[in-house]
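Listed here are the chains, written in short residue letters.
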Amino acid sequence: MSSGVTVRGVRKDYGDAVVIERLNLEVAPGSFCAIVGASGCGKSTFLRMLVGQEQPDQGEILIDGEPIPPEPSPARGIVFQRYSVFPHLTVTQNLMLPAELRASKFFGRVLGPSRRKIRDSVADTLKSIGLWEARDRCPLQLSGGMQQRLAIAQALLMRPKILLLDEPFGALDPGIRGDMHAILLRLWRETRMTIFMVTHDIAEGFKLATRLLVFDKVRHDPDFPSAYGSTVTYDLPLDRAQRRAETAAALAAVEASRSAAALAVVRASLNPPPAREEPVPDPVQGGNPQAV
Ligand SMILES: Nc1ncnc2c1ncn2[C@@H]1O[C@H](COP(=O)(O)OP(=O)(O)OP(=O)(O)O)[C@@H](O)[C@H]1O
Ligand SMILES: [Mg+2]
């Protein structure tokens, strides 16, 4: 089960600072969108609007054609930039707690079969994400990679139709990152959730996503830098294996500089411009003409 997302003319301000403006997107159900952009450009703010924690000041965000209710819902799981687990509870207790709280809202206390059902679903998730051996440990006794897997397991247990990941693998070493990529891709293929993943590692975006969204400002006021907000400046489809292969060379340049200019190279490789006529050399200047 997955959801489509429509973003129409969204703007978000904090005080007199515009963070996001003129944001328009149509995201098909089951897409995996990687979001990249400079620090402070509004990536986490965008995820908080998708989860319903923040509301746009202008425009609207629709999920399956419906406005987002202004509170978090199990249909939209989020893994925050910083962990949100309870340090004094074990891994299993941390994972059971949200489901228990939800169930106890209806039944007062969670007993017998419903408690067993929650325990079974937690056990399945722990096994699928490789945390079964660590089920009785507290978060502080886990490595960074395990803590991050715990945060992802927490979001997955709610069976979300949209999964929002805010730099989920930022603190991991490359080996564990690779393992996490494999786990995430497997879960995504199994569930067909729609995923938005913020990353500072553009190579990670290329590896995992079906679409790369670059957030940046198109308007600047040097006297008042917060006068204008970010929007999606590049929207690169990565859905065909062949296209991914074509971008391999350009990717090296992007990794080296992580700049908008390098992204333009990638964009050109994805969408080669139509063939145009060779410019005629200028006989007076002796050649080296500029393309028009
Ligand atoms: N609750 C808030 N109140 C006021 N300003 C905020 C609030 N949340 C975010 N901001 C500001 O909005 C801008 C965007 O913040 P956001 O956290 O979305 O950036 P980001 O792109 O996720 O950055 P990073 O890559 O560093 O995580 C920043 O200038 C930040 O200071
Ligand atoms: Mg952020």
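A. Geometry of the overall build of the protein. Summing up its helical and strand segments, the protein has nine helices and ten strands in all. Each of the 292 residues in the protein was classed as buried or not, and the buried ones make up 33%. By sequence separation, contacts in the protein at least 24 residues apart represent 67% of the contacts at least 6 residues apart.

B. Molecular detail of the nonpolar core. One finds Cys33, Ile35, Ala153, Leu164, Ile195, Met197 and Leu212 to be the most contacted residues of the largest nonpolar core, which totals 64 residues. If sequence neighbours within four positions are ignored, Cys33 has contacts with Val27, Ile195, Phe196, Ala209, Arg211 and Leu213.

C. Structural detail: the site of ligand 1. Taken together, eleven residues sit near ligand 1, with Tyr14, Ser39, Lys43, Ser44 and Thr45 positioned nearest. Of all the elements, helix 1 (residues 43-51) adds the most residues to the shell around ligand 1, at three residues. Of the residues contributing to the shell around ligand 1, the split by class is three nonpolar, seven polar and one charged.

D. A look at the environment of Leu157. Residue position: Leu157 is located in the loop between helix 4 (144-156) and strand 7 (162-166). Look at Leu157 and you get buried, because 20 C-beta atoms sit within 10 Å. In this structure the C-alpha to C-alpha distance between Leu157 and Gly77, which are 80 residues apart in sequence, comes to 8.8 Å. Apart from residues no more than four positions distant in its own chain, Leu157 is found in contact with Leu95, Ala99, Ser121, Val122 and Thr125.

E. Examining helix 4 more closely. Over its 13 residues, helix 4 runs 18 Å from end to end, which matches the ideal 18 Å to within 8%, given 1.5 Å per residue. Counting buried positions over the 13 residues of helix 4 gives ten, a clear majority of the element. Of the positions making up helix 4, those classed as buried are Gln147, Gln148, Arg149, Leu150, Ala151, Ile152, Ala153, Gln154, Ala155 and Leu156.

F. Focus on the confidence of the model for the protein. Considering every residue of the protein, the mean pLDDT works out to 81; 78% of them sit at 70 or more. The low-confidence segment residues 275-292 (pLDDT under 50) makes seven contacts with residues lying over four places distant or belonging to another chain.

G. Quick peek at the environment of Asp16. Mapped onto the elements of the fold, Asp16 is located in the loop between strand 1 (5-14) and strand 2 (17-27). Separated by 210 residues in sequence, Asp16 and Ser226 have C-alpha atoms that sit 7.6 Å apart.

H. Inspection of unusual backbone geometry at higher detail. For Arg22, which is not glycine, the phi torsion reads 50° and is therefore positive. On the secondary structure map, Arg22 appears in strand 2. Phi at Glu167 takes a positive value of approximately 45°, unusual for a residue other than glycine. By the element assignment, Glu167 lies in the loop between strand 7 and helix 5 (174-191). For Glu167, a count of 20 C-beta atoms within 10 Å corresponds to the buried category.

I. Quick peek at the pairing of strand 9 (residues 211-217). The buried fraction of strand 9 amounts to five of the seven residues, a majority that puts the element mostly inside the structure. Pairing analysis gives five bridges linking strand 3 (residues 32-37) to strand 9, with the strands arranged parallel. Bridge pairing links Gly37 to Phe215 in strand 9. Where strand 9 meets strand 10 (residues 230-237), seven bridges bridge the pair, whose relative direction is antiparallel. Residue pairing in the sheet places Asp216 in a bridge with Thr231 of strand 10.

J. Geometry of helix 1. Most of helix 1 sits out of view: seven of its nine residues are buried. Within the sequence span of helix 1, burial applies to Lys43, Thr45, Phe46, Leu47, Met49, Leu50 and Val51. Positive phi appears at Gly52, one or two residues downstream of helix 1, with a value of about 95°.

K. Seen up close, the environment of Ser2. With respect to the helices, strands and loops of the structure, Ser2 is situated in the segment before strand 1. Judged by the 19 C-beta atoms lying within 10 Å of it, Ser2 is partly exposed. Taking the C-alpha atoms as reference, Ser2 lies 10.0 Å from Ile63; in sequence the two are 61 residues apart. Apart from the residues within four sequence positions on either side, Ser2 is in contact with Pro29, Gly30, Lys161, Arg192, Met193 and Thr194.

Procedures and definitions
- For every chain, the first residue of the written sequence is number 1, and numbering continues from 1 onward in sequence order.
- Naming scheme: in the order in which they are written, chains are lettered from A and ligands are numbered from 1.
- Per-residue local features are limited, in this predicted model, to residues with pLDDT of at least 70; the limit for side-chain atom pairs, both in listing and counting, is 80 or more; totals at the level of whole chains, interfaces and linings are taken over all residues.
- Numbered from the N terminus, helices here are DSSP runs of H or I no shorter than four residues, and strands are runs of E no shorter than two.
- Each residue is classed by its C-beta neighbour count within 10 Å, where at least 20 other C-beta atoms makes it buried, 12 or fewer makes it exposed, and intermediate counts make it partly exposed; the C-beta atoms are placed from backbone geometry.
- Contacts here follow a simple rule: the backbone-placed C-beta atoms of the two residues must lie within 7 Å.
- Buried Ala, Val, Leu, Ile, Met, Phe, Trp, Tyr and Cys residues whose C-beta atoms connect them within 7 Å together make up a nonpolar core.
- A molecule or strand has a residue near it when that residue's C-beta atom, placed from backbone coordinates, lies within 6 Å of it.
- Amino acid classes used here: Ala, Val, Leu, Ile, Met, Phe, Trp, Tyr, Cys and Pro are nonpolar; Asp, Glu, Lys and Arg are charged; the rest, including Gly, are polar.
- Take the number of residues in a helix, subtract one, and multiply by 1.5 Å to get its expected span.
- The predictor attaches a confidence to each residue, and that confidence, scored 0 to 100, is pLDDT.
- Here, any two strands with at least 2 DSSP bridges between them count as paired.

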